[in-house]
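Residue-level listing of the chains:
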Amino acid sequence: MENVKEVNGKELKELIGSGKTVVCDFWAPWCMPCRMLAPAVDAMAGEFAGKAEFVKLNIDENGETAAEFSVMSIPDVIVFRNGKKEAHSLGYVPEEGLREFFAQNL
């Protein structure tokens, strides 16, 4: 992943608290839809660079953080703005659908 940085729970909370617009891809290595979505998220991170900081969080390693943000299923791509959860895209979405989601929410 060139455009998406992997973070832990503490780093994610710091980013969200900074007031930046943050897009977080909640995922796990065993999740095939997550692995299928990752290249599209990376492509969108390049396309929407400057509008948000794109990160990913492994829920297996950061379960408490995932629970804190009510992540019950993955992949779950969440947009945080001004410290709050503003929008999310749940499940695998083809690249064009993801582009439309970001165009509406970033």
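Please refer to the structure placed before this passage.
What counts and how
Residues numbered from 1 in each chain as written. Predicted model: local features only at pLDDT ≥ 70, side-chain atom pairs only at ≥ 80, totals over all residues. Heavy atoms only, no water. Disulfide = S-S within 2.5 Å. Buried < 20%, exposed > 50% of the residue type's maximum accessible area, 1.4 Å probe, protein only.

Undergrad: What am I meant to see in the state of the cysteines here?
TA: Disulfides are covalent bonds that connect the sulfur atoms of two cysteines. Taken as a whole and assessed by the stated rule, the structure comprises one disulfide. Residue C31 pairs covalently with C34 via a disulfide, S to S 2.4 Å. Given an S-S torsion of about 80°, the disulfide between C31 and C34 has right-handed geometry. Side by side, C31 and C34 carry an identical accessibility label, which is buried. Here C24 is not cross-linked by a disulfide; its sulfur's nearest cysteine counterpart is in C34, at 11 Å. C24 gets classed as buried once you look at its relative accessible area, which sits at 0%.

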